[in-house]
Amino acid sequence: MSVRGPALGLLLLLFCPAQVFSQSCIWYGECGIASGDKRYNCRYSGPPKPLPEDGYDLVQELCPGFFFGNVSLCCDVQQLHTLKDNLQLPLQFLSRCPSCFYNLMNLFCELTCSPQQSQFLNVTATEDYVDPSTNQTKTNVKELQYYVGESFANAMYNACRDVEAPSSNEKALGLLCGREASACNATNWIEYMFNKDNGQAPFTITPVFSDLPTHGMEPMNNATRGCDESVDEVTGPCSCQDCLAVCGPKPQPPPAPIPWRILGLDAMYVIMWSTYMAFLLVFFGAFFAMWCYRKRYFVSEYTPIDGNIPFSINASDKGGPTCCDPLGAAFEAHLRRLFERWGSFCVRHPGCVVFFSVAFIAACSSGLVFIQVTTDPVDLWSAPGSQARWEKEYFDTHFGPFFRTEQLIIRAPYTPPHTYEPYPSGADVPFGPPLAVDILHQVLDLQTAIESITASYNNETVTLRDICVAPLSPYNQNCTILSVLNYFQNSHSVLDHQVGDDFFVYADYHTHFLYCVRAPASLNDTSLLHDPCLGTFGGPVFPWLVLGGYDDQNYNNATALVITFPVNNYYNDTEKLQRAQAWEREFINFVKNYENPNLTISFKAERSIEDELNRESNSDVFTVLISYGIMFLYISIALGHIKSCHRLLVDSKISLGIAGVLIVLSSVACSLGIFSYIGVPLTLIVIEVIPFLVLAVGVDNIFILVQTYQRDERLQGETLDQQVGRVLGEVAPSMFLSSFAETVAFFLGGLSVMPAVHTFSLFAGMAVLIDFLLQITCFVSLLGLDIKRQEVAVFVGVLSFSIAVLNKVEIGLDQSLSMPDDSYVTDYFQSLNQYLHAGPPVYFVLEEGHDYTSMKGQNMVCGGLGCNNDSLVQQVFTAAQLDSYTRIGFAPSSWIDDYFDWIKPQSSCCRIYNSTEQFCNASVVDPACVRCRPLTPEGKQRPQGTDFMRFLPMFLSDNPNPKCGKGGHAAYSAAVNLLDKGTSVGATYFMTYHTVLQTSADFIDAMEKARLIADNITRTMNQQGGDHRVFPYSVFYVFYEQYLTMIDDTIFNLSVSLGAIFLVAVVLLGCELWSAIIMCVTIAMILVNMFGVMWLWGISLNAVSLVNLVMSCGISVEFCSHITRAFTVSTKGSRVERAEEALSHMGSSVFSGITLTKFGGIIVLAFAKSQIFQIFYFRMYLAMVLLGATHGLIFLPVLLSYIGPSINKAKGLTTQQRYRGTEREQLLNF
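Residues numbered from 1 in each chain as written. Predicted model: local features only at pLDDT ≥ 70, side-chain atom pairs only at ≥ 80, totals over all residues. Heavy atoms only, no water.

- As recorded in an unreviewed UniProt entry, the protein goes by NPC intracellular cholesterol transporter 1 and comes from Moschus moschiferus.
- Turning to the protein, the UniProt record has this under Catalytic activity (unreviewed entry): "cholesterol(in) = cholesterol(out)".
- Quoted verbatim from the Subcellular location (unreviewed entry) heading of the UniProt record, the comment on the protein is "Endomembrane system". (UniProt positions renumbered as here; feature names shortened; annotations may be inferred.)

Here it is in structure tokens:
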């Protein structure tokens, strides 16, 4: 018999007693040719014949239950050879489960050789055949009925339905049933195997299912084995991965955390609302009680509430100074005298000061010639010592870097869907628009044109074949192209291939497509077409990677086609990398200019994001320049004290304003130059943010200095240099407080492990420090030259709201936001989210050192027969069953399980030349090729020790072919790192895919869950004696790892900044502890309110927004420190008066120096093309300026008027002595 139905396994047959059923055959031997190399069996109705001895080995291998007595069978040796040959492919997929294999071979051995055939086989059609060698007339068996017990069929199916095909992430029955595994059942599986249209069976065998005798036939109903049962004493039951009955109950994901609610409402909302209402009650209650008390004891109800001592109602304080007052006064006086002398010196020697300032600027800025700009996203967002960075380096070193991806998503919006009507029978199948044959031809033309793109690099021509991933190279140079057209071998003729007559089409591209999406690794679609599905590059094309927009697993309903060209990436090889980038540039230009009215194309190359970021930066340069130009113009004009229109040019101080702006820019240049000298690379965030920060800090100080001088009157007999020195002595301590606090805060921010925050903090701290030094030197000298040329309740409510939504700010950065509004990549991202059905690949990497040659080491890793239920492969497989929780979408591809199937002696995959012991491919027909391992009980066991390593390199170099689909070259050559010339195994990986990931939260959760799975695998293996780590790797991990610690990093950076500001404030305010606390509380309120704005305005928390938060902490110092210091040095009688004086002296400078300066420049950023500029710069900058201004100029003075510190008596006495006998004394006592 030459039945070529797919089957697999080892058979032990149970026969019915001979005394009950007579032994009689229905065929014996092979006769005429049915089709191709397939032959009919010869009709024979006599008793079984003894098998020749040269067939004994075969019958023991295939049907050992028949090997007894004189081995009388209804088949000859040639029929046994045919049976073996035709069962090779199913053998490779189903032998993972011995019980399944046992039952399946029962079915085929009984059919082919059983001595009791006539009991359950009924010949229904024959034809005469003349043997050309003997000229004898024989009879071919053309059609046959096979009576099969229904219970046997169901038991066989149940034992096989869970068996996995590791290389394709599919159930094995999906490759052997002619339909999806989910649609396969016992009857249609057996019917498909016996149907001659499947391309394997030489003639049609019609199965008849019944457990009872029918039509005089006794159905074949041999005993079966369940997948959870052992076939014999040596072989155990099937593995959990291949038999769910072995696994026990399906694991369930942990329950989602219960939301924290009070009275059915969000707990944070309830708590903060209650807190706010309690604050209002206490605040207004205390205010009303104080009013009543004052009404009772004082004549006027307008008597000031406060005095010099906190919460005192006295208007004056007759007590003496506290112990800390003299220390604070002495420190204040020392700073004042120091800055007075320095200011006077700068005014007296402006030329010398300006010269040395310019020389200092030139020396520092010259370091810009060594500048290094970091544009690599990995360096920008991933810390060098982070786990993801280390894992990336490990993966790149052992397996090569993850390939570059060029991808197209293609739709056919103007093509209607159509319906395929199979002939002669079958339900109608709807097909989506892009699967129309004319559309597929057009897409194939596009794909071929892309393959033909050439680029030029260093006068050399670069083609796709030069850079693409070709897994079978050098035997097969075809590029890996993940495209539905690869089901048709990327050929127009194969796409048009059909079988039919003048009236009907029996099979066409629809038939082939429906088969290939179920069996992408098949080399024969088993339809009348007999075309291969395996890609031309030697690997399977999984439908979820090349089709999009379908429902469930109905791939025929796809509304989009996805074509992916993987291109080699290069580890530390710039030359090859630039060749690939050159081709990508031409690819982008080609697709941009490609026109086809029937197709809508979204696309992206590996370099697209970086290209668009560069284009975005260049396109927004003009917008940023306008923004800074408006701020510079305002500064130049606002610094003046214009008395009349005819004195506009004299009083406007344009030159001084320009000088102040140049000093700000010089400080930025010096900072960049100094760090360039020492090799610290620059980032785009530094370039975009630091000028804004230093401009805010520097301009504020300039306004304070100039406007304080403008309000001052020169004392009698006082020279210009003495006046400027005195003015500098008054304001410089305040400038020093804000600048030094910001410098320390930023430098401490450099402790952050986040590269973006670390680099920003270092550059910002240096820039602010240099800006202050230049202001008190160069700018003071220029100011002297220029003079000579002239001669609360609402805030607490907002704070409560911000705290309530603090935990609701999203973490992450949507990658589409990094693109300009008009970018082609934005359209690609939208299509990606809408149509793709598989996420990024994820590799579970087992580090070097694991022992794969021992049974124990193998059981820790593999997923097949005999493997541990908590092995590496099994745990990933289990995770895939909980895909909605774990975000692992598919079972892993397992090289070690496929290797065990490949090396089995029953298979024809592993063969060697008996003379040279070199590998002999299964497609080679040569008697010198013999099995790698003997067909003995020992040979059927897994290879161990030297045997394992001896044949593993052969497996990894074997290309799949029709005789052996398990060759590991295409699928696994990169997955196993062989050491010491192939004598040991190093690091290996097991690949699967994440589910579809769309938002930052999805990517973060996927990485967390993958690490959780890997940690559990590592822990399990270590408990069993292993000592090597398993870690997951996907290309996006290195970018998203920062978000795992984003909350901790945010708290750390902001806390360090606030702590530094507090310590500096305590010292430079002259040990005014309470003042420092009030100032830092106000800054903290600004930061908390920034989070409230982020939640309201849809701004996520990421490295960019964290840099802005750190910067807002620094800018808040400018808004708050000057007002706080002015309050502490005021000698007015009450807190209200001191708050009024602080606001009148410093408020206007802060308002005009920061608020108005920044407001004009910020508004321009709203018109930037970049979404990042619009969201993270316009929105956050506007929020920090408005919040800083309202808190610094409204909330802080009010808070100080209520609970501000009492007057420093020593400072008050010092001030009165300094201004005794002057007009200033009258103002102080006013």
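Re the overall build of the protein
Piece 1. The helix and strand tally for the protein stands at 43 helices and 29 strands.
Piece 2. Here the protein, with 1230 residues, has 57% of them falling under the buried criterion. (Helix = DSSP H or I, 4+ residues; strand = E, 2+ residues; numbered from the N terminus. Buried < 20%, exposed > 50% of the residue type's maximum accessible area, 1.4 Å probe, protein only.)

Focus on the environment of I663
Piece 1. If you trace the backbone, I663 turns up in helix α23 (residues 654–677).
Piece 2. Residues I663 and G698, spaced 35 residues apart in sequence, show a C-alpha to C-alpha distance of 8.4 Å.

Some words on the packing of helix α5 (residues 150–160) against helix α7 (residues 186–193)
Piece 1. Viewed as axis vectors pointing N to C, α5 and α7 meet at an angle of 90 degrees, and their least axial separation amounts to 9 Å. Between α5 and α7, the crossing angle belongs to the class labelled roughly perpendicular. Only A186, W189, I190 and M193 of α7 make contact with α5, whose side of the interface consists of A153, N154, M156, Y157 and C160.
Piece 2. Class assignment of the residues belonging to the contact of α5 with α7 gives a composition of eight nonpolar, one polar and no charged. (Axes fitted to C-alpha atoms, helices over the stretch in contact; angles between N-to-C directions. Parallel < 35°, antiparallel > 145°, perpendicular 65-115°, else oblique. Contact = heavy atoms within 4.5 Å. Nonpolar A, V, L, I, M, F, W, Y, C, P; charged D, E, K, R; others polar.)

Notes on the sheet that holds strand β29 (residues 1030–1033)
Piece 1. One open sheet accounts for four strands, arranged β27-β28-β24-β29; its pairing is antiparallel. The sheet terminates laterally at β27 (976–979) and β29, the two strands that pair on one side only. Looking at each pair of strands side by side, their axes are set apart by 20 degrees on average, direction ignored.
Piece 2. In terms of strand pairing, strand β24 (residues 841–846) meets β29 through four bridges, oriented antiparallel. Within β29, the position partnered with V845 by the bridge is F1031.
Piece 3. Contacts from helix α33 (residues 946–957) reach β27 and β28 (984–993), with the element oriented near 130 degrees to β27.
Piece 4. Of the strands in this sheet, β24 and β29 are in contact with helix α35 (residues 1000–1023), which crosses β29 at around 160 degrees. (Pairing = 2+ DSSP bridges.)

Side note on helix α28 (residues 824–835)
Piece 1. With 12 residues, α28 extends 17 Å between its outermost C-alpha atoms, agreeing within 8% with the 16 Å of an ideal straight helix rising 1.5 Å per residue.
Piece 2. Among all positions of α28, only Y824, V825, T826, Y828, F829, S831, L832 and Y835 are buried. (Expected span 1.5 Å × (residues − 1).)

Let's talk about the sheet that holds strand β20 (residues 547–548)
Within a sheet, each strand pairs with its neighbour through backbone hydrogen bonds, oriented either parallel or antiparallel.
Piece 1. Read from one edge to the other, the open sheet built from four strands follows the order β20-β21-β13-β22, with strand pairing classed as antiparallel. Since the sheet does not close on itself, it has two edges, and those belong to β20 and β22 (600–604), each with one partner.

Remarks on the pattern of salt bridges
Piece 1. Under the counting rule described, the total for this entry stands at 24 salt bridges.
Piece 2. Close ionic contact of R931 with E61 constitutes a salt bridge, the shortest N to O distance being 2.6 Å.
Piece 3. With a relative accessible area of 3%, E61 lands in the buried category.
Piece 4. Across the salt bridge formed by K966 and D898, the nearest N and O atoms sit 2.6 Å from each other. A residue pair is termed long-range when its members are at least 10 positions apart, and K966 in the loop between α33 and α34 (969–972) and D898 in helix α32 (residues 895–903) qualify at 68 residues. Both residues of the pair, K966 and D898, belong to the buried class.
Piece 5. The network of salt bridges with shared partners includes E391, E847, R1011, R1029 and E1041. (Salt bridge = Lys/Arg side-chain N within 4 Å of Asp/Glu carboxyl O.)

Remarks on the layout of surface pockets
Piece 1. The calculated volume of the second largest pocket comes to roughly 1,200 Å³.
Piece 2. Considering the residues around the second largest pocket, the lining is formed by 34 residues, among which G178, R179, P422, S425 and T511 are closest to the centre.
Piece 3. At the level of secondary structure, the elements contributing two or more residues to the lining of the second largest pocket comprise α7, β19 (505–507) and α17 (509–516).
Piece 4. For the lining of the second largest pocket, the per-class residue count stands at 16 nonpolar, 12 polar and six charged. (1 Å grid on protein atoms, 1.4 Å probe; cavity = no way out; pocket = protein on both sides within 12 Å on 5 of 7 lines; lining within 4 Å. Points joined across faces, edges and corners; volume = space filled by probe spheres on them.)

A word on a nonpolar patch on the surface
Piece 1. A surface patch of nonpolar side chains, amounting to about 470 Å² of accessible area, comprises Y269, F801, W1095, L1096 and W1097.
Piece 2. With respect to the helices, strands and loops of the structure, L1096 is situated in helix α38 (residues 1073–1096).
Piece 3. For L1096, a relative accessible area of 59% translates into the label exposed. (Patch = residues over 30% accessible without salt bridge, like charges linked within 9 Å, V, L, I, M, F, W, Y side chains within 5 Å. Areas by Shrake-Rupley, 256 points an atom, 1.4 Å probe, with all protein chains shown as cover.)

Remarks on the nonpolar core
Piece 1. Within the largest apolar cluster, 337 residues are counted, with the highest numbers of intra-cluster contacts made by L107, W189, F513 and L547.
Piece 2. Ranked by the residues each element gives to this core, the list is headed by helix α41 (residues 1171–1203), at 19 residues.
Piece 3. The residues touching W189, leaving out its near neighbours within four places in the chain, are L94, L104, M156, Y157, C160, L173, L176, C177 and C184. (Core = buried A, V, L, I, M, F, W, Y, C linked by side-chain atoms within 4.5 Å.)

A closer look at the confidence of the model for the protein
Piece 1. Mean pLDDT over the protein: 81, with 89% of residues reaching 70 or higher.
Piece 2. Confidence, expressed as mean pLDDT per element, reaches its minimum in the protein at helix α22 (residues 648–651) with 48 and its maximum at helix α14 (residues 437–451) with 95.
Piece 3. The low-confidence segment residues 1–20, where pLDDT is below 50, has 101 contacts with residues more than four positions distant or belonging to other chains.
Piece 4. Here residues 299–318 is a poorly scored stretch, pLDDT under 50, and it has 45 contacts once near neighbours within four places are set aside; other chains count. (pLDDT = per-residue confidence, 0-100.)

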